[in-house]
Amino acid sequence: MNAPTAPALPPVTDLETWQQELAALRVREKAATRELDAIAAQRRRLPMVQMPDYTLQGPDGPVRLVDLFDGASQLITYHHMWHDGAEWQCGGCTSYTAQFTRTDFLRKYDARFVVVTQGPIEKALAYREKVGNQLDWYSTAGSDFGADVDAPPGGGFALNVFLRDGDTVYRTWHTTGRGTEQLSHTFSLVDVLPYGRQEEWQDSPAGWPQSPTYAKWLESDEVAALYGKEATA
């Protein structure tokens, strides 16, 4: 049996050369930061669309969409994938939302962040407890809300942002797929590592580990015990 091949290593250089290379990279990093600032500025100028007066289900019974704001003027909703009868719900959604253990800082910005799912509220709350999720959960089962914001029954995940003016709610932004990464610290931390995400699709030097580590981790027994089995692409 052949011994596993050790991964390649970055080249070793002197301090001056390393600082020069880092400075060159910093130029691009700062340009990316400025571009993200410009994108955020454009996002703040987006028009919005008025939402109907949906009724969802919360821990204490029916709640209007406006009630999810809990007095705040801004609301972020993460739409957690749900499959009826599954022991473990979407591993990607479960691990993603598990990152957010303290969101009370949003109150300073007059905002709130909650999870919404198509699962029945009793089962959704039981799953939240099972995986130790720290966010408040609501169910859109029996409501068109999920489907109307691009998270229909049996569909994918989504992230939406809303603004409240009195009792009137407006949808201001939406994303899904890799668009949700900007709200996550998971990938931000992994992307500064020398080997990165180790995904096959990434542009890495020859000899770099290319096993999809994160995807394998999502499918591992550890995640099955903590978060759920089903990973999402």
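Residues numbered from 1 in each chain as written. Predicted model: local features only at pLDDT ≥ 70, side-chain atom pairs only at ≥ 80, totals over all residues. Heavy atoms only, no water.

## Comments concerning the overall build of the protein
Thought 1: When you go through the protein residue by residue, the secondary structure sums to 7 helices and 8 strands.
Thought 2: For the protein, the residues scored as buried account for 36% of the 233 residues in total.
Thought 3: Long-range contacts, defined as pairs at least 24 residues apart, comprise 61% of the intrachain contacts of the protein with a sequence gap of at least 6.
Thought 4: Of the roughly 14,100 Å² that the protein leaves accessible, carbon and sulfur atoms contribute 54%. (Helix = DSSP H or I, 4+ residues; strand = E, 2+ residues; numbered from the N terminus. Buried < 20%, exposed > 50% of the residue type's maximum accessible area, 1.4 Å probe, protein only. Contact = heavy atoms within 4.5 Å. Areas by Shrake-Rupley, 256 points an atom, 1.4 Å probe, with all protein chains shown as cover.)

## Thoughts on the packing of aromatic side chains
Centre-to-centre distance and the angle between the planes together describe a pair of aromatic rings.
Thought 1: Applying the stated rule across the entire model yields 9 aromatic pairs.
Thought 2: When the ring of Phe-100 is compared with that of Phe-113, the centres are 5.0 Å apart and the planes differ by 80°; the resulting orientation is edge-to-face. Of this pair, Phe-100 sits in the loop between helix 2 (91–98) and strand 5 (111–117) while Phe-113 sits in strand 5, placing them 13 residues apart in sequence. Residue Phe-100 shares its accessibility class with Phe-113, and that shared class is buried.
Thought 3: Pairwise contacts between aromatic rings join Tyr-78, Tyr-96, Phe-100, Phe-113 and Phe-157 into one cluster. (Phe/Tyr/Trp six-rings, centres within 6.5 Å; stacked < 30°, edge-to-face > 60°.)

## Side note on the pattern of salt bridges
A side chain of one charge can pair with a side chain of the opposite charge if their charged atoms are brought near each other.
Thought 1: Summed over the entire model, instances satisfying the criterion amount to 10 salt bridges.
Thought 2: Note that Glu-181 is salt-bridged to Arg-197, the shortest N-O span being 2.9 Å. Taken together, the residues span a long stretch of sequence, with Glu-181 in the loop between strand 8 (168–175) and helix 5 (186–191) and Arg-197 in the loop between helix 5 and helix 6 (213–218) at a distance of 16 residues. Both residues of the pair, Glu-181 and Arg-197, count as buried.
Thought 3: Residues Asp-191 and Arg-197 are paired through a salt bridge, measuring 2.8 Å at the closest nitrogen-oxygen approach. (Salt bridge = Lys/Arg side-chain N within 4 Å of Asp/Glu carboxyl O.)

## Describing unusual backbone geometry
Thought 1: Although it is not a glycine, Asp-110 adopts a positive phi angle of roughly 60°.
Thought 2: Structurally, Asp-110 can be placed in the loop between helix 2 and strand 5.
Thought 3: Residue classification places Asp-110 among the partly exposed positions, given a relative accessible area of 34%.
Thought 4: Within the chain, Gln-198 stands out as a residue other than glycine whose phi angle is a positive 60°.
Thought 5: Note that Gln-198 resides in the loop between helix 5 and helix 6.

## Examining the layout of surface pockets
Thought 1: Empty space within the largest pocket amounts to approximately 1,000 Å³.
Thought 2: Lining the largest pocket are 22 residues; nearest its centre among them are Leu-25, Asp-191, Val-192, Leu-193 and Pro-194.
Thought 3: A total of 6 residues in the lining of the largest pocket trace back to one element, the largest contributor, which is helix 1 (residues 15–44).
Thought 4: When its volume is computed, the second largest pocket comes out at roughly 650 Å³.
Thought 5: Forming the boundary of the second largest pocket are 20 residues, of which Arg-43, Gln-74, Ile-76, Val-161 and Thr-172 lie nearest the centre.
Thought 6: Listed by contribution, the elements that provide at least two residues to the lining of the second largest pocket are helix 1, strand 4 (74–80), strand 7 (158–165) and strand 8.
Thought 7: Of the residues belonging to the lining of the second largest pocket, the class tally is 15 nonpolar, 3 polar and 2 charged. (1 Å grid on protein atoms, 1.4 Å probe; cavity = no way out; pocket = protein on both sides within 12 Å on 5 of 7 lines; lining within 4 Å. Points joined across faces, edges and corners; volume = space filled by probe spheres on them. Nonpolar A, V, L, I, M, F, W, Y, C, P; charged D, E, K, R; others polar.)

## Concerning helix 2
Thought 1: Among the 8 residues of helix 2, 7 are classified as buried, and the element is accordingly described as predominantly covered.
Thought 2: Of all the residues in helix 2, the buried ones are Gly-91, Gly-92, Cys-93, Thr-94, Ser-95, Tyr-96 and Thr-97.

## So, the pairing of strand 8
Thought 1: Alignment of strand 1 (residues 49–50) against strand 8, held across 2 bridges, turns out to be antiparallel. By the bridge assignment, Val-49 is partnered in strand 8 with Arg-171.
Thought 2: In terms of strand pairing, strand 7 meets strand 8 through 7 bridges, oriented antiparallel. Paired with Asp-165 across the bridge in strand 8 is Thr-168.
Thought 3: Taking the residues that link successive antiparallel strands as the turn, the strand 7-strand 8 hairpin has 2 residues, and the phi of Gly-166 there is positive, at about 70°. (Pairing = 2+ DSSP bridges.)

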